[in-house]
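Chain residues, written in single-letter form:
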Amino acid sequence: MRQVFAALAIAALACGGEQSGQQQQQAPATPAAQPQAQAGAQAGVTGTVHEVRMELRDGNYIYDPANLTIKVGDTVRWINISGFPHNVSFYENQIPPGAAEFLKQAMPNQMSPLNGPLFTDSLATYEINFAGAPTGTYGYFCIPHEALGMKGTLTVQP
Ligand SMILES: [Cu+2]
């Protein structure tokens, strides 16, 4: 029975991987040897988390760091520090091919496609995992503060 469950779990992971992008998942060479580990970790997730502060500092609304480079499978965690409400919205015309479809699946609680929710609570966090994400540079902004220059980029590397 245990083997059946493991096989089902692996099949489910494989389906999810195919849906999230056309890039080949770099599956670790551990076929069915570690069913617990495979069930506990989403396919392609590196476990690396990068934090970006959303902040009003010296009169400027900023993401810090404004420009961040990550690897496919990393997680970005935005933190609501001050000057909120803030959010994370991606520019439809400043993201790589295929990224809009990826983000529509990967962004939690979107207000509308590519637009993350507004955060009004101190230290609220917003996380996006980039497993299966198209590589390239993603431009994004904060809806309340775009005109005040609150913008950032993520560069996703293989
Ligand atoms: Cu803002």
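Starting from 1, residues in each chain are numbered consecutively following that chain's sequence as written. Residue-level local features of this predicted model are given only where pLDDT is at least 70; pairs of side-chain atoms are given and counted only at 80 or more, and the full residue set underlies all totals for whole chains, interfaces and linings.

Asker: Even after reading the chapter, I still don't get the overall build of the protein, so can you show me in this structure?
Answerer: Under the scheme used here, helices are H or I runs from DSSP no shorter than 4 residues and strands are E runs no shorter than 2 residues, and both carry numbers assigned from the N terminus. Along its length, the protein carries three helices and eight strands. Mapped in sequence order, the helices and strands of the protein form the string α-α-β-β-β-β-β-α-β-β-β. Counting every position in the protein, which comprises 158 residues, the buried fraction comes to 28%. Throughout, a pair of residues is in contact if the C-beta atoms placed from their backbones lie within 7 Å. For the protein, contacts bridging at least 24 residues in sequence account for 75% of all contacts bridging at least 6. Any residue whose C-beta has 12 or fewer other C-beta atoms within 10 Å is treated as exposed, any with 20 or more as buried, and any in between as partly exposed, C-beta atoms being built from the backbone.

Asker: It is not clear to me how the nonpolar core should be interpreted in this structure. Could you clarify?
Answerer: Ranked by size, the top nonpolar core spans 30 residues in total, and within it W78, A99, F130, A133, Y138, M150 and V156 carry the most contacts. Secondary structure elements with two or more residues in this core: β1 (49-57), β2 (60-64), β4 (75-80), α3 (99-106), β6 (125-129), β7 (136-141) and β8 (151-157). Aside from chain neighbours lying at most four places away, what touches Y138 is F90, I95, A99, T153, L154 and V156. For our purposes the nonpolar core covers buried Ala, Val, Leu, Ile, Met, Phe, Trp, Tyr and Cys residues that link as a set through C-beta atoms within 7 Å.

Asker: When you look at the sheet that holds β7 in this model, what are you seeing that I'm missing?
Answerer: In any sheet, the strands associate via hydrogen bonds between backbone groups, in a parallel or an antiparallel arrangement. At least two bridges found by DSSP between two strands are what make those strands a pair. On the basis of which strands lie adjacent, the open sheet formed by four strands has the order β3-β8-β7-β5 and mixed pairing. In this open sheet, the two strands that pair with only one neighbour each are β3 (67-71) and β5 (89-90). With six bridges joining them, β7 and β8 adopt antiparallel strand pairing. Bridge pairing in β8 places F141 opposite K151.

Asker: So what exactly am I meant to see when it comes to the confidence of the model for the protein here?
Answerer: Low-pLDDT stretches of the model should not have their predicted coordinates read in fine detail. Taken residue by residue, the protein gives an average pLDDT of 84. The fraction at 70 or more is 74%. This stretch, residues 1-40, has a pLDDT under 50; its non-local contacts, to residues over four places away or in other chains, come to 26 contacts. Per-residue confidence from the predictor is reported as pLDDT, a score between 0 and 100.

Asker: Would you take a moment to explain the sheet that holds β6 for this structure?
Answerer: The strand order across the open sheet built from four strands is β2-β1-β4-β6, with neighbouring strands paired in mixed fashion. The open sheet has two free edges, formed respectively by β2 and β6, since each of these has just one partner strand. Neighbour-to-neighbour, the strand axes of this sheet turn through a mean angle of 15°, independent of strand direction. Pairing geometry for β4 and β6, over five bridges, is antiparallel. Within β6, the position partnered with R77 by the bridge is E127. Here the axes come from fitting lines to C-alpha atoms, over the contacting stretch only for helices, and the angles between their N-to-C directions go from 0 to 180 degrees.

Asker: Teacher, can you tell me more about the environment of I62 here?
Answerer: Take I62: it is sitting in strand β2. I62 gets classed as buried once you count the C-beta atoms within 10 Å, which come to 23. The spatial distance from the C-alpha of I62 to the C-alpha of L148 is 9.1 Å, given a sequence separation of 86 residues. What I62 contacts, discounting residues up to four positions off in sequence, is E55, R57 and M150.

Asker: Whenever I open this one, the pairing of β7 confuses me. Can you help?
Answerer: The side chains of a regular strand alternate, first on one face of the sheet and then on the other. Across two bridges, β5 lies against β7 in antiparallel orientation. Counterpart to F90 in the pairing with β7 is Y140.

Asker: Help me out: how do you make sense of unusual backbone geometry in this one?
Answerer: Note: most peptide bonds trans; most residues except glycine with negative phi. Between D64 and the following residue, P65, the backbone shows a cis peptide bond with an omega angle of 0°. Tracing the sequence through the fold places P65 in the loop between β2 and β3. Here the residue pair F84 and P85 is connected by a cis peptide bond, since its omega of 15° sits within 30 degrees of zero. Its place among the elements puts P85 in the loop between β4 and β5. Even without being a glycine, D58 presents a positive backbone phi close to 55°. Mapping D58 onto the fold places it in the loop between β1 and β2. A count of 6 C-beta atoms within 10 Å places D58 in the exposed class. The phi torsion at L123 lies on the positive side, around 70°, for a residue other than glycine. Assignment of secondary structure puts L123 in the loop between α3 and β6. Overall, the presence of 8 C-beta atoms within 10 Å leaves L123 in the exposed class.

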